[in-house]
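Residue-level structure breakdown
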Amino acid sequence: MDEFELHIDSLAYQGPGMGRTSAGKAVFVPGAAPGDTVRVRAVADKKNYLETELVEVVKSGSARIEPNCPYAGLCGGCQWQHIAYSEQLFAKRAAVVSALARIGHVPAEAAETIVSECVPSKREMGYRNKLELACGRNEAGRLVLGYHKEGTTEIVPVDTCPLAHSAIAHTPKAIQGALRYMEGTSDLGIFRVGVRHSMRTKSCEIALWTTPGSFPRAAVSKTLGAAVKASSIVRIIADAGKARKIKQVEVLEGHGFWEEELGEFDYRISAPSFFQVNTAQAEVLQRLVLEGLAVEDGMAVADLYAGAGTFSLPLADRAGSCMAVESAGSAVRDLRRNADSAGVWVDVIGGDSARELPELGKLDALVVDPPRAGLADGVAESIAEASPRRLAYVSCDPATLARDVERLQTCGYALERATPVDLFPQTHHIETVALFTRK
């Protein structure tokens, strides 16, 4: 298809640079930076926009910088390593403002006022407490660890990841070597490897995701232990694929969990359980939620999609008790253990948040931290029935947040403040804490 030159005006949500043709049609260019003049090749002509690929940077804009990683632009983990950090923060706030206006139908001027500046990460690199590596085979049939190339199933092998804590940044190479040694000519059934590390507790866990079958547990734990200093090594037996239905977790060596400090509390996290990858910024989320809800002793408070207790523990500490709903079995067990260890009372309910919410009764304050898909149908109405005076919504997707803002406003809740928090520097991903009050 045709090639042409284009000036890049801004960054679009989900990563690409954006410019416009002389006729005003939007053009999206992965790998471009604001201010660039680029030569692009059209790959898909849609009704309202044009998808292109970058041929060359004719002239670099002021926002373009040299990436700090040898795999930038290849592995799919980072989309914005070539973008100055100040520009990343600007683009993330703009994405939240735009989504509220376009999808949530919040008046543009009101959206600009409601959305705060994006809270920057203390670390632009070296911030991740977790690496999650895909496993594949090279042309010689040997195991490789890496990340999926953007939009494909192809695995890009990596030796290091500069986004991770320095203590685990080079573990991909070390773990790959150890597993290759163990495998020899046989396949151990490993399809994913997770590594978690805490800069605060120094706890480090390696999790091997494998298909069911025989497994040399003692030999693998000994070989991995010699390659990486880990306080815990576990095997997660699961079906391969996106669903990854977990059948069993085996402790091969050490504690069988990962430990992290967040705010005033200690957390023990099982390998299958979710925990934010940027601990320092997770504390920012925690603080914004607690300040926004203004919880006091004796209030009826609840935490939906509670995970291992990021918000449940401090809410229970302030209110005297907290109801928490979580569907993942490993997270339910972690939450109960963490609450007991912290000495706070959390009524942990294992189940679907949408189904359990109507059973919680009237509430004074509520926090919801849903997955990327946002609130399920009917949850906004159930929130209105529970009638909390204040609601905190922690979102990982501006589009679904904006959709739910409109739903909640229809149900009697006013959006008071939305604060973007950058947990994922060098990527387009953004967390937002949205605070609502009952009208």
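This write-up is about the structure you can find in this document. Not measured: the values here are computed from a predicted model. (Residues numbered from 1 in each chain as written. Predicted model: local features only at pLDDT ≥ 70, side-chain atom pairs only at ≥ 80, totals over all residues. Heavy atoms only, no water.)

Scanning the protein from N- to C-terminus turns up ten helices and 22 strands. The C-alpha radius of gyration computed for the protein amounts to 23 Å, which stays within 12% of the reference 22 Å derived for 439 residues, consistent with globular compactness. Projecting the C-alpha coordinates of the protein onto the three principal axes gives extents of approximately 65 × 60 × 35 Å. Here the protein holds 439 residues, and 54% of them are scored as buried. (Helix = DSSP H or I, 4+ residues; strand = E, 2+ residues; numbered from the N terminus. Rg over C-alpha atoms; globule rule 2.2 N^0.38 Å. Buried < 20%, exposed > 50% of the residue type's maximum accessible area, 1.4 Å probe, protein only.)

Once that is clear, we can look at the pattern of salt bridges. A side chain of one charge can pair with a side chain of the opposite charge when the charged atoms of the two come close. Inspection of every chain in the model, using the stated rule, returns 26 salt bridges. A salt bridge links Asp422 to Lys92, with the shortest nitrogen-to-oxygen separation between them at 2.6 Å. Taken together, the residues Asp422 in the loop between strand E21 (413-421) and strand E22 (431-438) and Lys92 in helix H1 (residues 85-102) connect sequence positions 330 residues apart. On the basis of relative accessibility, which here comes to 0%, the residue Asp422 falls in the buried class. Look at Lys92 and you get buried, because its relative accessible area is 1%. Across the pair Asp239 and Lys247 runs a salt bridge whose closest N-O atoms are separated by 3.6 Å. Salt bridges linked by common partners bring Glu3, Glu5, Arg39, Arg41 and Glu53 together as one network. (Salt bridge = Lys/Arg side-chain N within 4 Å of Asp/Glu carboxyl O.)

Let us now look at the layout of surface pockets. Estimates place the volume of the second largest pocket at around 600 Å³. Considering the residues around the second largest pocket, the lining is formed by 21 residues, among which Pro30, Gly31, Gly73, Gln79 and Glu150 are closest to the centre. When its residues are assigned to classes, the lining of the second largest pocket shows nine nonpolar, nine polar and three charged. (1 Å grid on protein atoms, 1.4 Å probe; cavity = no way out; pocket = protein on both sides within 12 Å on 5 of 7 lines; lining within 4 Å. Points joined across faces, edges and corners; volume = space filled by probe spheres on them. Nonpolar A, V, L, I, M, F, W, Y, C, P; charged D, E, K, R; others polar.)

Here we come to the packing of H1 against helix H10 (residues 398-410). H10 packs onto H1 with a crossing angle of 35 degrees between their chain directions and a minimal axis gap of 8 Å. In this structure, the crossing between H1 and H10 has a hand that is right-handed. Residues Ala95, Val96, Ala99 and Leu100 of H1 form the contact with H10, whose own contacting residues are Pro398, Ala399, Ala402 and Val405. Looking at side-chain class alone, the contact of H1 with H10 contains eight nonpolar, no polar and no charged residues. (Axes fitted to C-alpha atoms, helices over the stretch in contact; angles between N-to-C directions. Left-handed = near helix turned anticlockwise from the far one by under 90°. Contact = heavy atoms within 4.5 Å.)

Judged by nonpolar contacts, the single largest core of 76 residues is most densely connected at Ile175, Val193, Leu208, Leu224 and Leu315. Broken down by element, the residue count for this core peaks at seven residues, all from helix H5 (residues 279-293). Grouped together as the second largest cluster of nonpolar side chains are 35 residues, Ala302, Leu357, Leu360 and Val379 included. (Core = buried A, V, L, I, M, F, W, Y, C linked by side-chain atoms within 4.5 Å.)

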